[in-house]
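Letter by letter, the chains look like this.
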Amino acid sequence: MSDFEIRGSKVLLRPFFLEDITDRYIGWLNDPMVARFSNQRFLTHDRASCLRYLDSFSGTDNLFLSVCHLDTDQAIGTMTAYVSSHHGTADVGIMIGDTSVWGGGYGQDAWNTLVNWLLAQASIRKLTAGALACNMAMIGIMERSGMQLEAVRKSQEIVEGVPQDILYFTRFRDV
């Protein structure tokens, strides 16, 4: 898995390594703007919490990936895929922590790259992902990648004092 790489047009996806736990990465997790729509906003992260999270992927089929700028190889975010091999499903998530690249198509490229790669795997038949209804950027990424709205949990979470729906999207492998 150490030489595992997936190339998009703007990003390179590779495993997240111990040396990726940097002050910059921890800063993203603790940045209120980056974590605005994530339940990570309720936590304070440090090196130890990041190590525990990285360790949670060991010995599993799940993926924890670093999203790197293709031209500079600099990390700009992370992605996860929680895989259920018994069901042939994967639940995908993304965090673009480097706010300087927001709006530049890097999140979309990372998302499309991983989604298409996962659906090309014989063991994956269905992808899922979720976002708060107020997270319009993430909803746009999912819709542009061909995902369809599957379910809504009404007023499930509170963001800035306002109840928000969680929207669940899905995409099946083309048969």
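See the structure above.
What to know about the overall build of the protein chain
- Along the backbone of the protein chain there are 4 helices and 8 strands.
- For the protein chain, the α and β elements follow one another from N to C terminus as β-β-α-α-β-β-β-α-β-α-β-β.
- Taking all 175 residues of the protein chain together, 46% fall into the buried category.
- As displayed, the protein chain has an accessible area near 9,400 Å², and 52% of this comes from carbon and sulfur atoms.
- In the protein chain, 15 side chains carry a positive charge and 20 a negative one; their mean positions are 5 Å apart.

Observations concerning the environment of D23
- Among the structural elements, D23 can be located in helix α1 (residues 23-30).
- Counting along the chain gives 24 residues from D23 to R47, while the straight-line C-alpha distance between them is 8.3 Å.

So, the pattern of salt bridges
- All told, the structure shown has 6 salt bridges when counted by the stated rule.
- With its nearest N and O atoms 2.9 Å apart, the salt bridge here joins D98 to R24. Highlighted residues: D98 in the loop between β5 (89-96) and α3 (106-120) and R24 in helix α1, separated in sequence by 74 residues.
- A relative accessible area of 14% means that D98 is categorised as buried.
- Of the residues examined, R24 reaches a relative accessible area of 32% and is grouped as partly exposed.
- Where D165 meets K154, a salt bridge forms, and the shortest distance between an N and an O atom there is 3.6 Å. With D165 in strand β8 (residues 162-172) and K154 in strand β7 (residues 148-159), this residue pair connects regions lying 11 residues apart in the sequence.

Some remarks on the nonpolar core
- Counting 32 residues, the largest nonpolar core has L13, M79, W111, L114, L127 and M142 as the members making the most contacts within it.
- Where this core is concerned, the elements lending two or more residues are β2 (11-15), β3 (63-69), β4 (75-84), β5, α3, β6 (126-132), α4 (136-144) and β8.
- Ignoring any residue separated from it by four or fewer positions in sequence, one finds L114 in contact with I6, L13, L63, L65, M79, T80 and V92.
- Judged by nonpolar contacts, the second largest core, of 12 residues, contains F16, W28, C50 and F64.

The rules behind these values
Residues numbered from 1 in each chain as written. Predicted model: local features only at pLDDT ≥ 70, side-chain atom pairs only at ≥ 80, totals over all residues. Heavy atoms only, no water. Helix = DSSP H or I, 4+ residues; strand = E, 2+ residues; numbered from the N terminus. Buried < 20%, exposed > 50% of the residue type's maximum accessible area, 1.4 Å probe, protein only. Areas by Shrake-Rupley, 256 points an atom, 1.4 Å probe, with all protein chains shown as cover. Lys, Arg positive; Asp, Glu negative; His and termini not counted. Charge placed at Lys NZ, Arg CZ, Asp CG, Glu CD. Salt bridge = Lys/Arg side-chain N within 4 Å of Asp/Glu carboxyl O. Core = buried A, V, L, I, M, F, W, Y, C linked by side-chain atoms within 4.5 Å. Contact = heavy atoms within 4.5 Å.

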